[in-house]
Amino acid sequence: MQQDKEYVGFAALPNQLHRKSVKKGFDFTLMVAGESGLGKSTLINSLFLTNLYEDRQLPEASARLTRTLTIERRGVEIEEGGIKVKLTVVDTPGFGDSVDCSDCWLPVVRFIEEQFEQYLRDESGLNRKNIQDSRVHCCLYFISPFGRGLRPLDVAFLRAVHEKVNIIPVIGKADALMPKETQALKQKIRDQLKEEEINIYQFPDCDSDEDEDFKRQDAEMKESIPFAVIGSCEVVRDGGTRPVRGRRYSWGTVEVENPHHCDFLNLRRMLVQTHLQDLKEVTHDLLYEGYRASCLQSLARPGARDRTSRSKLSRQSATEIPLPMLPLAETEKLIREKDEEVSKYLALPQPPRTPSLLRSPSMASPSHRLQSCPAQLRRMQEMLEKMQAQMQQSQTQGEQSDTL
């Protein structure tokens, strides 16, 4: 009875959050990128036990030479144990297929930034209750097992997107490599990523209160990067008895879910079971906030657009840019003031005539006084001539702009 009196009920808060989250459901956006033929579609179907690409038609080899990169979005709702997940897979068919692959990653960068921009617009709107999160939370980048590490195209793509999305490097079709070759290729890729200063997704450190099993699995996942994976939706029988998902060759059977054959289990465990929520939090707290801060800073800086337009004009020739000059009304005003000063000076009252021999310089006529000050008159005349020339030049340029 004493224990019931001391019980408040805060321990039930996680249950409230659990019920609310289950009712609302979860969403996750995954991007897959890399050259064709590395098993991207097969791996996605293997990871989520679904068939997202049943209606896809593969182009012929001749058609791939002139094919350009496109962005395809496919969505599916997966339910497991009463938990609903809305999965969106963003595919990039045509990446690296054409002969000229220069700047072929720009559509991907533009797509990621457009999702950030749409979320920022929705977040700044009036109805913030039902915001659809279409931001890319993770990007699986497939690396060819037949090369000697990262190609220049791989480095250029990763460098362009590593500050905009969580990157997880994956070696596709790892059954083409021997175990020693796989480890050597992994180390080569890790060294290249460090040398090129490309940031990939960093696993958070384990808490001190985590059990030893979780710490061991976390260490295995960290050591597996980049993940060497094999995908297959076909169920085969190993030795004719046990059904497994894998690929059968003349020399044996490769099992997809065998940790001794590939890193498929570690990738699925990291992507779904242990770090899905962390991928979403890193996207929102770091990547999206960086984009949002840069947008707000560009809006807060006064004259940012003017500086951009001036930088564009600076590349034009000097004859195409009009020199800065005073407005026409201000020029006319200055000329009128100088004319009035000259008129007042000439309109001073003349003293009575005296013999020229007795006339002092102070009693001379205004015209005589002007003649006695040739330097002052010359300066005033030069000033008037400059202003009149400036007026004529501005009028001529105005007529030319009207004609154009």
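Report on the accompanying structure. No experiment lies behind these values; they were computed from the predicted model shown.

How each quantity is defined
Residues numbered from 1 in each chain as written. Predicted model: local features only at pLDDT ≥ 70, side-chain atom pairs only at ≥ 80, totals over all residues. Heavy atoms only, no water. Helix = DSSP H or I, 4+ residues; strand = E, 2+ residues; numbered from the N terminus. Buried < 20%, exposed > 50% of the residue type's maximum accessible area, 1.4 Å probe, protein only. Contact = heavy atoms within 4.5 Å. Areas by Shrake-Rupley, 256 points an atom, 1.4 Å probe, with all protein chains shown as cover. Phe/Tyr/Trp six-rings, centres within 6.5 Å; stacked < 30°, edge-to-face > 60°. Pairing = 2+ DSSP bridges. Polar contact = N/O pair within 3.5 Å; in protein donor to acceptor, adjacent residues only side chain to side chain. Salt bridge = Lys/Arg side-chain N within 4 Å of Asp/Glu carboxyl O. Core = buried A, V, L, I, M, F, W, Y, C linked by side-chain atoms within 4.5 Å. Axes fitted to C-alpha atoms, helices over the stretch in contact; angles between N-to-C directions. Parallel < 35°, antiparallel > 145°, perpendicular 65-115°, else oblique. Left-handed = near helix turned anticlockwise from the far one by under 90°. Nonpolar A, V, L, I, M, F, W, Y, C, P; charged D, E, K, R; others polar.

### What about the overall build of the protein chain?
Reasoning step 1: When its secondary structure is counted, the protein chain shows 14 helices and 9 strands.
Reasoning step 2: For the protein chain, the residues scored as buried account for 34% of the 404 residues in total.
Reasoning step 3: In the protein chain, once contacts between residues fewer than 6 apart in sequence are set aside, the share between residues at least 24 apart is 69%.
Reasoning step 4: Accessible surface, the protein chain: about 26500 Å² in total, of which carbon and sulfur atoms supply 51%.

### Some remarks on the packing of aromatic side chains
Reasoning step 1: Per the counting criterion, the structure on display carries 5 aromatic pairs.
Reasoning step 2: With centroids separated by 5.4 Å and ring planes inclined at 35°, the aromatic side chains of Phe-116 and Tyr-291 adopt a geometry described as tilted. With a gap of 175 residues between them, Phe-116 in helix H5 (residues 106–123) and Tyr-291 in helix H10 (residues 276–300) connect regions that are remote in the sequence.
Reasoning step 3: Here Phe-116 falls in the buried class, since its relative accessible area comes to 2%.
Reasoning step 4: A ring pair is formed by Tyr-141 and Phe-157, whose centres lie 4.9 Å apart and whose planes are at 20°; its orientation type is stacked. In this pair, Tyr-141 is assigned in strand E4 (residues 138–143) and Phe-157 in helix H6 (residues 152–161), connecting sequence segments 16 residues apart.
Reasoning step 5: On the basis of relative accessibility, which here comes to 1%, the residue Tyr-141 falls in the buried class.
Reasoning step 6: By relative accessible area, Phe-157 is classed as buried at 1%.
Reasoning step 7: What links up through ring pairs into an aromatic cluster is the set Phe-116, Tyr-119, Tyr-288 and Tyr-291.

### Comments concerning the pairing of strand E2 (residues 72–80)
Reasoning step 1: Across 9 bridges, E2 lies against strand E3 (residues 83–91) in antiparallel orientation. When the bridges of E3 are listed, Arg-73 appears paired with Val-90.
Reasoning step 2: Counted along the chain from E2 to the antiparallel partner E3, the turn is 2 residues long, and its residue Gly-81 has a positive phi close to 60°.

### So, the side chain of Thr-283
Reasoning step 1: Along the chain, Thr-283 turns up in helix H10.
Reasoning step 2: Polar contacts involving the side chain of Thr-283 include one to the main-chain carbonyl oxygen of Leu-279, which spans 2.8 Å.
Reasoning step 3: What Thr-283 contacts, discounting residues up to four positions off in sequence, is Phe-116, Arg-135, Val-136, His-137, Asn-166 and Tyr-288.

### Focus: H6
An α-helical turn contains 3.6 residues, so a residue and the one three or four places further along point in the same direction.
Reasoning step 1: Leu-153, Asp-154, Val-155, Phe-157, Leu-158 and Val-161 are the residues of H6 that are buried.
Reasoning step 2: On its buried face, H6 is in contact with strand E1 (26–33), H5, E4, strand E5 (167–171) and helix H7 (179–195).

### Notes on the pairing of E3
Reasoning step 1: Across 7 bridges, E1 lies against E3 in parallel orientation. Bridge assignment links Thr-29 to a residue of E3, and that residue is Thr-88.

### A closer look at the pattern of salt bridges
Reasoning step 1: This model, assessed by the stated rule, comprises 16 salt bridges.
Reasoning step 2: Close ionic contact of Asp-263 with Lys-186 constitutes a salt bridge, the shortest N to O distance being 2.5 Å. On the criterion of sequence distance, the pair formed by Asp-263 in the loop between strand E9 (252–255) and helix H9 (264–274) and Lys-186 in helix H7 is long-range, its members being 77 residues apart. No difference in accessibility class separates Asp-263 from Lys-186, as the two residues are buried.
Reasoning step 3: Note that Arg-292 is salt-bridged to Glu-289, the shortest N-O span being 3.6 Å. Placement of the pair is Arg-292 and Glu-289 together in helix H10, with a separation of 3 residues, close to one helical turn.
Reasoning step 4: By relative accessible area, which is 29% here, Arg-292 ends up partly exposed.
Reasoning step 5: Each member of the salt-bridge network shares a partner with another, and the members are Glu-35, Arg-151 and Asp-154.

### Section: unusual backbone geometry
Reasoning step 1: Each neighbour pair has its own omega, and for Ile-225 with Pro-226 the value is -5°, a cis peptide bond.
Reasoning step 2: Considering the arrangement of structural elements, one finds Pro-226 in the loop between helix H8 (212–224) and strand E6 (227–228).
Reasoning step 3: Here Lys-173, not a glycine, exhibits a phi torsion of approximately 50°, which is positive.
Reasoning step 4: With respect to the element layout, Lys-173 can be found in the loop between E5 and H7.
Reasoning step 5: Classification of Lys-173 by relative accessible area gives partly exposed; the value is 37%.
Reasoning step 6: A positive phi angle, close to 55°, is found at Glu-197, a residue other than glycine.

### Concerning the nonpolar core
Reasoning step 1: In this structure, Leu-140, Phe-157, Ile-168, Leu-267 and Leu-271 are the most contacted members of the largest nonpolar core, which totals 73 residues.
Reasoning step 2: Dropping the residues within four chain positions of it, Leu-267 is found in contact with Leu-43, Leu-47, Leu-140, Ile-168, Val-170, Phe-227 and Val-229.

### Quick word on the sheet that holds E6
Reasoning step 1: In space, the 6 strands of this open sheet follow the order E2-E3-E1-E4-E5-E6, with mixed pairing throughout. The open sheet terminates on both sides in strands that have one partner only, identified here as E2 and E6.
Reasoning step 2: One ladder, built from 5 bridges, connects E4 with E5; its direction is parallel. Bridging from a neighbouring strand, Phe-142 pairs with Val-170 of E5.

### Examining the packing of helix H3 (residues 40–48) against H9
Reasoning step 1: Contact pair H3 / H9: the axes reach a minimum separation of 11 Å and the direction vectors enclose 65°. As far as their axial angle goes, H9 and H3 are roughly perpendicular. For the pair H3 and H9, the sense of crossing is right-handed. In contact with Leu-43, Ser-46, Leu-47 and Phe-48 of H3, H9 contributes Phe-264, Leu-267, Arg-268, Leu-271 and Val-272.
Reasoning step 2: Counted by class, the contact of H3 with H9 contains 7 nonpolar, 1 polar and 1 charged residues.

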